[in-house]
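Here are the chains, one letter per residue:
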Amino acid sequence: MALDIVREETVLGPARLSTAKRPFKRPTTEGPVAKAVLMTLALGFLGFFLVLPLAAVFIEAFRKGLGEFMLALGDPDTISAIKLTLTVAAIAVPLNLVFGVAAAWAIAKFEFKGKTFLITLIDLPFSVSPVISGLIYVLLFGANSMLGPWLKSHGIEVLFAVPGIVLATIFVTFPFVARELIPLMQDQGTGDEEAAISLGASGWQTFWYVTLPNIKWGLLYGVLLCNARAMGEFGAVSVVSGHIRGLTNTMPLQVEILYNEYNFVAAFAVSTLLAGLALVTLVLKSFLEYRYGDEIAGSAKH
Amino acid sequence: MDVSIRHVCKDFERFPALKDVSLDIRSGELIALLGPSGSGKTTLLRLIAGLEPPTRGAIFFGDEDASFKSVQERNVGFVFQHYALFRHMTVAENIGFGLKVRPSSSRPAKSEIRRRAHELLDLVQLSGLADRYPNQLSGGQRQRVALARALAIEPRVLLLDEPFGALDAQVRRELRRWLREIHDATNHTTVFVTHDQEEALELADRVVVMSQGRIEQVGGADDVYDRPNSPFVYGFIGDSSVLPVKVDDGQLWLHDRTIGLAAPELPSGQATLYFRPHEIELLDGCSGCISGVVAASRRVGGSRRVELEVGGARDRVEIELPTDHPATQKSRIAFRPLRWRAFPAVSAAA
């Protein structure tokens, strides 16, 4: 008997040791070679397509030093482009906020005929090429159109002027707020609103005290994305703006003009502002997702 | 506040949810709308609240026709199954909401609203939780807050839509007793919807049993349990055993044997016999009784449930026996229902 036990131990001993040496292999983990290859591929792709261009923008902008950079940004045409971009965003974003909330409210809280069609229509600007979006307004308000000459005779210029740029920007950025809010509001249902009106609140009070607070973070998120797109839009705006320096050039258009004139420092200097906006947007977006993720995506039950 | 529902119909997209429903609710009464899902009980509640308009018929609050008044004008307190608390407001703000949104002429001062909220929190036994947010409360606590919020507007009628439906059994029982106490203390006319018969029978002064958009029976717990007036109520409330029988000359026949039950008011022909498994007497001999062979037996709580094959395995009925009864598999048992009712087969099929 004793012998048997010893034998068993000698048999078991080395086996135990070998399991102790070899670390546990998780069923969901790849081997080191596969890991290295996949990570190199992913990081290489990321570096080449995202980090490198971003770094290039900043390097090119500061190639001739800070002084030249500031000089490029101080150019009157560039300043007017920055002002125009801010103006357009300041008009387009609030309007899209109101339209977006109204559309999402109607779609999420009420049943009516043609609802699916309306949802599809809201998505239209996402699927149409921005150039076509611009062309629509050229056709609507151009010299040979019905509306253009009539408006012109009343002293209103739409095409190749600020109104045209605002219209094109609104069209392109239309879906952002509504798209963000519709799933959120559908998920929240109408229970809170029914509770509020049963307590005697009017429709406006219900919206202000109950609906809006429930969607505020999702709304902010949508507005953020909408703003980033409004400031960065090129295609549609390019068609309707007419590229008049100091008058109808937005920042993206200004970048193009400067670049075509081989004024690289200035072109990249303006680009850094747009890239900076993108970075700030990203940081804010990540913060919102991190802090209020459940309230943005909905599905949070209270 | 008396509430009177008069010949109310409600259609959803051609699907009838309520078919000619009439009901009088007395002031201060606690009434339960009981029925399976799809019976129209929640629809009826939402109609009383004004969250839906009736297709036909009228709803009176006291002497005044409230059918086409808005929810706000009706001044009802509504408690939802999923609480519907405002998540961005504290408990006290939730309770004070109904007072805060009043027009400035009738709105109490801020300090008064706060005082009211604390008073109601005491009533629902949640003192000290005024500054919590809804997601910091348990389900039972949330529903108490929801009730306090509904009571804050001094409603004419209190309406509760499956108020305990989302809670677990233990909390449900606790809240049931608590709701009864609140009702006795405040004496609001209260209507609540439930699909839980135990809850309805225990809590309500009167139970309204509904099925397929109609009211089947209205009555106290004893009425609907002991004297069900339709096959549906018999089957829906409590346990029931069912046997197809034949009526001949006022006597009930099972196959070719009389079972010793007389139903002189029934027309001759096929009928269905309903009785409670525990309301039977066991008999020794069998002249005028139901007798069968034990097919299965289960221990259920303090008694034994026995399934009998009656009339050569064609029908099975359940009866309840004391646990010390010596019945075993294949042994023969004879019994007669003490309390029973037979319905003509036509109405049983409908």
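Residue numbering note: each chain is counted from 1, following its sequence as written. Ligands are numbered from 1 and chains lettered from A, in the order in which they are written. For a predicted model such as this one, the threshold for reporting local features is a pLDDT of at least 70, and the threshold for listing and counting side-chain atom pairs is 80 or more; totals across whole chains, interfaces and linings nevertheless cover every residue. Derived side-chain values reflect all non-hydrogen atoms in the structure, with water molecules and hydrogen atoms excluded from consideration.

The name that an unreviewed UniProt entry assigns to chain B is Sulfate/molybdate ABC transporter ATP-binding protein, with the source organism given as Pseudaminobacter soli. UniProt positions are given in the numbering used here, feature names are shortened, and annotations may be inferred rather than shown by experiment. Checking UniProt for chain B, the heading Sequence similarities (unreviewed entry) contains the comment "Belongs to the ABC transporter superfamily."

Chain A appears in an unreviewed UniProt entry as Sulfate transport system permease protein CysW from Pseudaminobacter soli. Under the heading Subcellular location (unreviewed entry), UniProt records this for chain A: "Cell inner membrane". UniProt, in the comment section headed Function (unreviewed entry), describes chain A in these words: "Part of the ABC transporter complex CysAWTP (TC 3.A.1.6.1) involved in sulfate/thiosulfate import. Probably responsible for the translocation of the substrate across the membrane."

Draft legend 1. Looking closely at the sheet that holds strand E13 (residues 257-262) of chain B. Residue and element names in this part refer to chain B. The pairing criterion for strands is at least two bridges between them, as found by DSSP. Strands are runs of DSSP state E lasting at least two residues, helices are runs of H or I lasting at least four, and both sets are numbered from the N terminus onward. Across the sheet, which stays open at both edges, the 5 strands sit in the order E13-E12-E11-E14-E20 with antiparallel pairing between neighbours. Looking at which strands have only one partner, the edges of the open sheet turn out to be E13 and strand E20 (340-344). The mean angle between the axes of side-by-side strands here comes to 40°, regardless of whether they run parallel or antiparallel. As judged from the 3 bridges shared by strand E11 (residues 241-248) and strand E12 (residues 251-254), these two strands associate in the antiparallel manner. Across the sheet, the residue bridging to Asp248 is Gln251, located in E12. For every element, the axis is a line fit to its C-alpha atoms; helices are fit only across the contacting stretch, and the angle between N-to-C directions ranges from 0 to 180 degrees.

Draft legend 2. Region of the structure containing the UniProt feature "domain: ABC transporter" (unreviewed entry) in chain B. Mapped onto this structure's residue numbering, the UniProt feature "domain: ABC transporter" (unreviewed entry) falls at residues 3-237 of chain B. The distance separating the terminal C-alpha atoms of residues 3-237 of chain B is 26 Å; by composition the span is 37% helix and 26% strand.

Draft legend 3. Summary view of the pattern of salt bridges. Residue and element names in this part refer to chain A. For salt bridges, the criterion is a side-chain nitrogen of Lys or Arg within 4 Å of an Asp or Glu carboxyl oxygen. Counting across every chain of the model gives 38 salt bridges over all chains. For the salt bridge of Glu60 with Arg63, the shortest nitrogen-to-oxygen distance reads 2.7 Å. The cut-offs for exposure are 20% and 50% of the maximum accessible area for each residue type, with area from a 1.4 Å probe on protein chains only; residues under the lower value are buried, those over the upper are exposed, and the others partly exposed. On the accessibility criterion, Glu60 (23% relative accessible area) is partly exposed. A salt bridge links Lys115 to Glu111, with the nearest nitrogen and oxygen atoms 3.3 Å apart.

Draft legend 4. Structural detail: the interface of chain A and chain B. The interface is formed by 20 residues belonging to chain A together with 21 residues belonging to chain B. Simply put, the buried area is the total loss of 1.4 Å probe accessible area from both parts when two parts are fitted together. For the pair chain A and chain B, the summed buried surface comes to about 2,000 Å²; carbon and sulfur atoms form 61% of the total. At the boundary of chain A with chain B, the tally comes to 2 salt bridges. A salt bridge links Arg46 of chain B to Glu194 of chain A; its shortest N-O distance comes to 2.6 Å. We define a polar contact as two N or O atoms separated by no more than 3.5 Å, with the added condition that, inside protein, one atom must be a possible hydrogen donor and the other a possible acceptor, whereas residues neighbouring each other in sequence contribute only through side-chain atom pairs. Linking chain A with chain B are 5 residue pairs in polar contact (both at pLDDT 80 or more), by the criterion used here. Looking at the side of chain A that touches chain B, the elements that each hand over two or more residues are helix H10 (191-198) and helix H11 (203-232) of chain A. Residues are grouped as follows: nonpolar covers Ala, Val, Leu, Ile, Met, Phe, Trp, Tyr, Cys and Pro; charged covers Asp, Glu, Lys and Arg; every other residue, Gly included, is treated as polar. Grouping the amino acids of the side of chain A that touches chain B by side-chain chemistry returns 9 nonpolar, 9 polar and 2 charged. Throughout, a residue-residue contact means that at least one pair of heavy atoms, one from each residue, lies within 4.5 Å.

Draft legend 5. Representation of the environment of Arg26 of chain B. Residue and element names in this part refer to chain B. Among the structural elements, Arg26 can be located in the loop between strand E2 (15-25) and strand E3 (30-34). Overall, Arg26 belongs to the partly exposed group, its relative accessible area being 49%. Taking the C-alpha atoms as reference points, Arg26 and Val3, 23 residues apart in sequence, are found 6.6 Å from one another. Other than its neighbours up to four places away in sequence, Arg26 contacts Asp2, Thr189 and Arg206.

Draft legend 6. Structural view of the domain arrangement of chain B. Residue and element names in this part refer to chain B. Domain start and end points were adopted from an automatic or database domain assignment. Each assigned domain of chain B is listed here: domain 1 (3-234) and domain 2 (239-349). Averaged C-alpha coordinates put domain 1 and domain 2 at centres separated by 40 Å. Domain 1 puts 8 residues into the contact, and the matching count from domain 2 is 12 residues. Across the interface of domain 1 and domain 2, roughly 880 Å² is buried in total on both sides, 52% from carbon and sulfur atoms. Taken as a group, Tyr225, Pro231 and Tyr234 account for 74% of the area that domain 1 buries against domain 2, more than any other trio of residues on that side. Counting the contacts that link domain 1 with domain 2 gives 0 salt bridges. For the interface between domain 1 and domain 2, the tally reads 4 residue pairs in polar contact (both at pLDDT 80 or more). Residue assignment for the side of domain 1 that touches domain 2 shows that the elements contributing at least two residues are helix H8 (221-226) and helix H9 (231-236). Sort the elements by how many residues they give to the side of domain 1 that touches domain 2 and H8 lands first, with 3 residues.

Draft legend 7. Region of interest: helix H5 (residues 115-127) of chain A. One fewer than the residue count of a helix, multiplied by 1.5 Å, yields its expected span. When the terminal C-alpha atoms of H5 of chain A are compared, their 19 Å separation across 13 residues agrees well with the 18 Å that a helix rising 1.5 Å per residue should span. Of the positions making up H5 of chain A, those classed as buried are Lys115, Ile122 and Pro125 of chain A.

Draft legend 8. Structural context of the UniProt feature "domain: ABC transmembrane type-1" (unreviewed entry) in chain A. Feature annotation in UniProt assigns "domain: ABC transmembrane type-1" (unreviewed entry) to the following positions: residues 82-283 of chain A. For residues 82-283 of chain A, the end-to-end C-alpha separation is 22 Å, with 80% helix and 0% strand making up the annotated structure.

Draft legend 9. Local environment of the UniProt feature "transmembrane region" (unreviewed entry) in chain A. Residue and element names in this part refer to chain A. This chain's UniProt record puts "transmembrane region" (unreviewed entry) on residues 36-59, 79-105, 117-140, 160-178 and 264-284. Its end C-alpha atoms 23 Å apart, residues 117-140 is made of 92% helix and 0% strand. This span, residues 264-284, is 100% helix and 0% strand, and a straight line between its end C-alpha atoms measures 30 Å.

Draft legend 10. View of the sheet that holds E3 of chain B. Residues and elements named next belong to chain B. Sheet architecture is open: 6 strands sit in the order E6-E7-E8-E3-E9-E10, paired in mixed fashion. A single partner strand is all that each edge strand has here, and the edge strands are strand E6 (76-79) and strand E10 (214-219). Taking the axes of each pair of neighbouring strands and ignoring which way they run, one obtains an average angle of 15° across the sheet. Pairing geometry for E6 and strand E7 (residues 157-161), over 4 bridges, is parallel. Each bridged residue has a counterpart across the sheet, and for Val76 the counterpart in E7 is Val157. Docked against the sheet, helix H5 (residues 139-152) engages E6 and E7, running at close to 170° with respect to E6.

Draft legend 11. Highlighting the packing of aromatic side chains. Put simply, two rings from Phe, Tyr or Trp (the six-membered ring, in Trp's case) pair if the centres are within 6.5 Å, and we call them stacked under 30 degrees between planes, edge-to-face over 60, tilted for the rest. This structure, assessed with the given rule, holds 22 aromatic pairs over all chains. Measuring from ring centre to ring centre gives 3.7 Å for Trp217 of chain A and Tyr292 of chain A, while their planes differ by 10°; the resulting arrangement is stacked. Of this pair, Trp217 of chain A sits in helix H11 while Tyr292 of chain A is found in helix H14 (residues 264-297), placing the two residues 75 residues apart along the sequence. Judged by its relative accessible area of 13%, Tyr292 of chain A is buried. Ring pairing ties together the aromatic residues Trp105, Phe110, Trp204, Phe207 and Trp208 of chain A, which thus form one cluster. Whether a charge sits over a ring comes down to the Lys NZ or Arg CZ being within 6 Å of the ring centre and within 35 degrees of the ring normal. Over the face of the ring belonging to Phe60 of chain B we find Arg6 of chain B, whose NZ or CZ atom lies 3.9 Å from the ring centre. One Lys or Arg, Arg144 of chain B, reaches over the ring of Trp178 of chain B and ends 5.1 Å from the middle of that ring.

Draft legend 12. A look at the nonpolar core. As used here, the term nonpolar core means buried Ala, Val, Leu, Ile, Met, Phe, Trp, Tyr and Cys residues forming a set that is joined through side-chain atoms within 4.5 Å. Core analysis: the largest hydrophobic core is formed by 43 residues, its most contacted members being Ile95, Leu147, Val207 and Ile237 of chain B. Per-element accounting of this core gives the leading share, 7 residues, to H5 of chain B. Not counting the four nearest positions on each side in its chain, Leu147 of chain B is found in contact with Val79, Leu158, Leu160, Trp178, Leu179 and Ile182 of chain B. With 39 residues, the next largest nonpolar core counts Ala195 of chain A together with Leu159, Val191 and Met210 of chain B among its residues.

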